[in-house]
Amino acid sequence: MNYAVETKNLCRVFKRKRSRKERKQEPTKENQKEVVALDDVNIQVKEGELFGLLGPNGAGKTTLIKILSTLLLPTKGEAWVAGHNVAEDTFNIRMKINSVSGGESSGYGLLTARENVWMFSQFYDVPSKVAKQRADDLFKTFGLYEKRNQKMRTLSTGERQKMGMVRGFITDPDIIFLDEPTLGLDVNASRVIRRFVADWVREHEKKTVLLTTHYMMEAEELCDRVAIIDKGKVLVCDTPENLKKTVRRSSTLRLEIDPLKDYSKFRDIPGIRNFSKKVNPETNRSELVFVIDDEAAVSDILSVVTGEGKRIHELRKTEPTLEDVFVSLVGRALE
Amino acid sequence: MAMIKRHWKTLKTAAWLGWQMESNWTQPFLFAVYSILKPIAATMILVLMYWVVINPGYGGQAENAIMFSFLYVGNAFYIFVGQMLFGIFRVIQGDREWYQTIRNVYIAPISYYVYVVARALTQLVIASIAVVITLLFGVFVLGVQISLAVTDIPLFLTILVIGLVGVSAMGVILGGISFLTAKHMHGMNESVAGIFYLFCGVLFPISMFPVWGQFISRAIPLTYWFEALRRVLAPETLQIPTSLTQIDTGLLMLILLSSTIVLVLVSYFVFKGADYLARRKGVIDMITSY
Ligand SMILES: Nc1ncnc2c1ncn2[C@@H]1O[C@H](COP(=O)(O)OP(=O)(O)OP(=O)(O)O)[C@@H](O)[C@H]1O
Ligand SMILES: [Mg+2]
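Rules used in this analysis
Residues numbered from 1 in each chain as written. Chains lettered and ligands numbered in written order. Predicted model: local features only at pLDDT ≥ 70, side-chain atom pairs only at ≥ 80, totals over all residues. Heavy atoms only, no water. Helix = DSSP H or I, 4+ residues; strand = E, 2+ residues; numbered from the N terminus. Contact = heavy atoms within 4.5 Å. Areas by Shrake-Rupley, 256 points an atom, 1.4 Å probe, with all protein chains shown as cover. Pairing = 2+ DSSP bridges. Axes fitted to C-alpha atoms, helices over the stretch in contact; angles between N-to-C directions. Buried area = accessible area lost by both parts, 1.4 Å probe. Salt bridge = Lys/Arg side-chain N within 4 Å of Asp/Glu carboxyl O. Buried < 20%, exposed > 50% of the residue type's maximum accessible area, 1.4 Å probe, protein only. Near = heavy atom within 4 Å. Polar contact = N/O pair within 3.5 Å; in protein donor to acceptor, adjacent residues only side chain to side chain. 1 Å grid on protein atoms, 1.4 Å probe; cavity = no way out; pocket = protein on both sides within 12 Å on 5 of 7 lines; lining within 4 Å. Sits in = over half its atoms within 2 Å of the grid points. Nonpolar A, V, L, I, M, F, W, Y, C, P; charged D, E, K, R; others polar. Parallel < 35°, antiparallel > 145°, perpendicular 65-115°, else oblique. Left-handed = near helix turned anticlockwise from the far one by under 90°. Expected span 1.5 Å × (residues − 1). Arc of directions from axis to C-beta. pLDDT = per-residue confidence, 0-100. Points joined across faces, edges and corners; volume = space filled by probe spheres on them.

**Student:** Which parts of the structure should I look at to understand the overall build of chain B?
**Tutor:** Check the secondary structure of chain B and you find ten helices and zero strands. Going from N to C terminus, chain B has its helices and strands arranged as α-α-α-α-α-α-α-α-α-α. Sequence separation of 24 or more characterises 80% of the internal contacts of chain B that already satisfy a separation of 6 or more. A total of about 13,300 Å² of accessible surface is found on chain B, and carbon and sulfur atoms cover 74% of it.

**Student:** How do you make sense of the sheet that holds strand S8 (residues 175-179) of chain A when you look at a structure like this?
**Tutor:** Paired through backbone hydrogen bonds, the strands of a sheet run either parallel or antiparallel to each other. Residues and elements named next belong to chain A. Pairing is mixed in the open sheet, where six strands are placed in the order S7-S8-S9-S4-S10-S11. Edge positions in the sheet fall to strand S7 (97-101) and strand S11 (233-238), since each has one partner strand and no second. Put simply, the sheet's adjacent strands are angled 15° from each other on average, direction ignored. As judged from the five bridges shared by strand S10 (residues 225-230) and S11, these two strands associate in the antiparallel manner. If you follow Ala-227 over to S11, its bridge partner there is Cys-237.

**Student:** Got a minute to help me understand the interface of chain A and chain B in this structure?
**Tutor:** For interface size, the figure often reported is the accessible area lost on association. Between chain A and chain B, the contact holds 35 residues from the first and 33 residues from the second. The largest share of the area that chain A buries against chain B comes from Leu-71, Tyr-108 and Phe-123 of chain A, three residues that together contribute 25% of it. For the pair chain A and chain B, the number of links is three salt bridges. Across the pair Arg-6 of chain B and Asp-125 of chain A runs a salt bridge whose closest N-O atoms are separated by 3.9 Å.

**Student:** Any chance you could explain the pairing of strand S4 (residues 50-54) of chain A here in plain terms?
**Tutor:** Along any regular strand the residues' side chains alternate between the sheet's two faces. All names here are of chain A. Here S4 lies mainly inside the structure; five of its five residues are buried. On S4, burial covers both faces: Leu-50, Gly-52 and Leu-54 on one face and Phe-51 and Leu-53 on the other are all buried. Where S4 meets strand S9 (residues 208-213), five bridges bridge the pair, whose relative direction is parallel. The partner of Leu-54 across the bridge, within S9, is Thr-213. Judged from the four bridges that link them, S4 and S10 form a sheet pairing that is parallel. Its bridge partner lying in S10, Leu-54 is registered against Ile-228.

**Student:** How do you make sense of the site of ligand 1 when you look at a structure like this?
**Tutor:** Residue and element names in this part refer to chain A. Taken together, Phe-14, Val-35, Ala-37, Pro-56, Asn-57, Gly-58, Ala-59, Gly-60, Lys-61, Thr-62, Thr-63 and Glu-180 make up all the residues around ligand 1. Thr-62 places a polar side-chain atom, nitrogen or oxygen, 2.6 Å from an oxygen atom of ligand 1. Between ligand 1 and Thr-63, the relevant distance is 2.5 Å, taken from an oxygen atom to a side-chain nitrogen or oxygen of the residue. Here ligand 1 loses 65% of its free accessible area of 630 Å² to cover by the protein chains. Its atoms largely coinciding with the cavity grid, ligand 1 occupies the largest pocket. At the level of elements, strand S2 (34-41) and helix H2 (61-68) are the ones that each hand at least two residues to the shell around ligand 1. Grouping the amino acids of the shell around ligand 1 by side-chain chemistry returns five nonpolar, five polar and two charged.

**Student:** Looking at this model, I keep getting lost on the sheet that holds strand S12 (residues 251-257) of chain A. Mind explaining?
**Tutor:** Residue and element names in this part refer to chain A. A sheet is described by the order of its strands in space; here four strands give the open sequence S13-S14-S12-S15, paired in antiparallel fashion. Across the chains shown, the open sheet's two edge strands, defined by having one partner strand only, are strand S13 (272-280) and strand S15 (312-318). On average, each strand axis in the sheet is inclined to that of its neighbour by 15°, with strand direction left out of account. Pairing of S12 with S15 involves six bridges; the strand directions are antiparallel. Each residue of the ladder has a partner; that of Arg-254, found in S15, is Arg-316. Helix H10 (residues 296-307) contacts S12, S13, strand S14 (285-292) and S15 of the sheet and is inclined by roughly 10° relative to S12. Where helix H11 (residues 322-330) meets the sheet, it contacts S12, S13 and S14, and its direction lies at approximately 105° from that of S13.

**Student:** Quick question: what am I supposed to make of the packing of helix H5 (residues 128-141) of chain A against helix H6 (residues 157-170) of chain A here?
**Tutor:** Packed helices, taken two at a time, are described by the angle their axes make and the gap between the axes. Residue and element names in this part refer to chain A. Relative to each other, H5 and H6 sit at 140°, their axes nearing to 10 Å. By the angle between their directions, the pair H5 and H6 is classed as oblique. Considering only the axes of H5 and H6, their crossing is right-handed. The segment H5 lies against H6, with Ala-131, Arg-134, Ala-135, Leu-138 and Phe-139 engaging Met-163, Val-166, Phe-169 and Ile-170. The residue inventory of the contact of H5 with H6, partitioned by class, reads eight nonpolar, no polar and one charged.

**Student:** Would you mind going over the packing of helix H4 (residues 113-123) of chain A against H5 of chain A with me for this structure?
**Tutor:** Residue and element names in this part refer to chain A. Contact pair H4 / H5: the axes reach a minimum separation of 10 Å and the direction vectors enclose 135°. Taken together, the axes of H4 and H5 lie oblique to each other. Crossing angle aside, the handedness with which H4 passes H5 is right-handed. Contacts between H4 and H5 involve Ala-113, Arg-114, Val-117, Trp-118, Ser-121 and Gln-122 on the former and, on the latter, Ser-128, Ala-131, Lys-132, Ala-135, Asp-136 and Phe-139. In terms of residue class, the contact of H4 with H5 is built from six nonpolar, three polar and three charged.

**Student:** Even after reading the chapter, I still don't get the side chain of Ser-328 of chain A, so can you show me in this structure?
**Tutor:** Along the chain, Ser-328 of chain A falls in helix H11. In this view, Ser-328 of chain A contacts Val-247, Arg-273, Asn-274 and Val-291 of chain A; residues no more than four positions away in its chain are not counted.

**Student:** Explain helix H7 (residues 187-199) of chain B to me, please; I cannot follow it from the model alone.
**Tutor:** Working note: α-helix, 3.6 residues per turn, so residues spaced by three or four point in the same direction. All names here are of chain B. With 13 residues, H7 should reach 18 Å at 1.5 Å per residue; the first-to-last C-alpha distance of 18 Å fits that figure. Among the residues of H7, those classed as buried are Asn-189, Ala-193, Phe-196 and Phe-199. With its buried residues spanning 150° around the axis, H7 presents them on a single face. Phi for Gly-201, located one or two positions after H7, is positive at around 70°.

**Student:** Please explain the side chain of Ser-99 of chain A as it appears in this structure.
**Tutor:** Within the secondary structure, Ser-99 of chain A is located in strand S7. On the basis of relative accessibility, which here comes to 12%, the residue Ser-99 of chain A falls in the buried class. Discounting residues that sit within four places of it in the chain, Ser-99 of chain A has contacts with Ile-65, Ser-69, Arg-167, Ile-176 and Phe-177 of chain A together with Asn-104 and Ile-107 of chain B.

**Student:** What's the story with the confidence of the model for chain B in this structure? I'm lost.
**Tutor:** Residue and element names in this part refer to chain B. Mean pLDDT over chain B works out to 86, with 89% of the residues at or above the 70 mark. Within chain B, helix H2 (residues 28-54) has the poorest average pLDDT of any element, 71, and helix H4 (residues 102-106) the best, 95. Two summary scores accompany this predicted model of the complex, namely pTM at 0.85 and ipTM at 0.84.

**Student:** Please explain empty space enclosed by the protein as it appears in this structure.
**Tutor:** Rolled over the atoms, a probe sized like a water molecule indicates the empty space that remains. Taken as a whole, this structure holds six cavities of 30 Å³ or more when the rule is applied. Looking at the largest cavity, its volume works out to about 130 Å³. Lining the largest cavity we find 14 residues, and of these Ile-65, Leu-71, Ser-99 and Ser-101 of chain A together with Arg-103 of chain B sit closest to its centre. Those elements that provide at least two residues to the lining of the largest cavity are H2 and S7 of chain A together with H4 of chain B.

Structure follows, in structure tokens:
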């Protein structure tokens, strides 16, 4: 099997300069000198696959994409893209990949949107005419056709982001890395991008997408397989269906209550696989998600809440989602 | 062969981008003002300084005129040095901090070295316009003595090109180092430019330095470039003892050529090394300006 992307015990550590104040203090988790962004990551992405990396902020998603797109070297371990080692054979990798980051609004403001993407296509040796045709098609797809001849500095942040997508796809890469491609886009634009990416992979047998996201829904609806990553570690990797199966026999209980002082009591209740909590700042209510293996736990949970004299505003039992997979693994909600 | 074709296309595209960036950002009129009036204005400051500070206490009329030509020619060609020492630095920092395109360019299947050099080349073209205008202004308005014999034109062009390649290589070295540093680190470039301005015989002959100063001067290849340029372009200034007079022009050219070759080689390896270190440290797309 030829993998589009493969990593073996991949590690990446960032050295951090500590401030003078921090150096005087005892090293703690927060001010330590080294940040382990990727910790022994092993993934295999097949050719033709739409593969998702799902994880919260700081999980290491961007770091992994940077290594795979030859922008950053691994500290330890190895990675191959299109069969070439990222540390040794960058040229052959670069010929086959491109990368778009959702947060980026980069480009030369003095050039038009079309000139910007055309220029990049030239670095990939796309014939100029072909590039212009592709650019126009892609601009149409992403709803930017009318603005393609405007100077980039007059485009909005979202429009620049769409221009970034055109830049990524104009070179017709075999493998494309998309780092949170819909970040900050409106609902409609996000849908267009998701649809385009899904179609692109499906229509071309050998094209591969590696996409990062922290939107569950995006991973669930789009990806053939998903790796859930947290604190630099890949926790699981499977199809969304199979991942959901791991929590199928359990059920999910969602509670909205007045905030408690102490949540540790839940830990002692048997039958709870894991739970997450967050406070909604608008309502000032605590939103709890429990992944439960044993139905008997429900009454225990409720008695803890009522025992503290707190009100229950809402109570729901739901079908498992990818989010619940995440909660059951990490004990935290994703968003 | 395929690789050369690739480099050529990179060169063309990057030069196109460079030209758009340098010329397109304002109206043609403003562009003209910027690239023509600016060097002349800078020259006028120098001329003024010369009249006020140096002129009154210095020799006779003829000697004055020669000294003035000496510094005027040096100063005109120094425009190249000022431009190229900062050129590549500016390209890298601009792409990194301002346009934030560096990661997109960096992961393209091109030689990043060729890309930055090509971008800087357009700056070189614009610097050439400024140099020519400054020289013409000097000759026709200020009476600077320039006399280039027709038979010397090939020699002059050779000297010019060798020197420019050398200066560009130094720019590549400084640009490569800046790969690893932040935007506000341009102090290094300024110091280097300042040292060259002072020690390379731009404004006054290096014979005015004590021995240690002359030692520094002779260690910098640019010193020989300015000397060689003046020999073909303003032979009158040879009357001023530069302490390099005994080196004949052939040897001068040899020194120039060999030091330029060394500089180009060094620049290539420094750039490669800095590139590798930056990728290892993860600072290629670092942004410091918040
Ligand atoms: N250049 C760097 N220097 C130091 N630490 C870094 C650097 N880049 C990333 N990190 C750290 O590595 C960890 C992983 O960062 P990364 O950007 O990969 O996360 P992410 O999963 O992309 O998060 P997000 O969803 O917020 O984009 C974080 O703790 C981050 O602070
Ligand atoms: Mg990220």
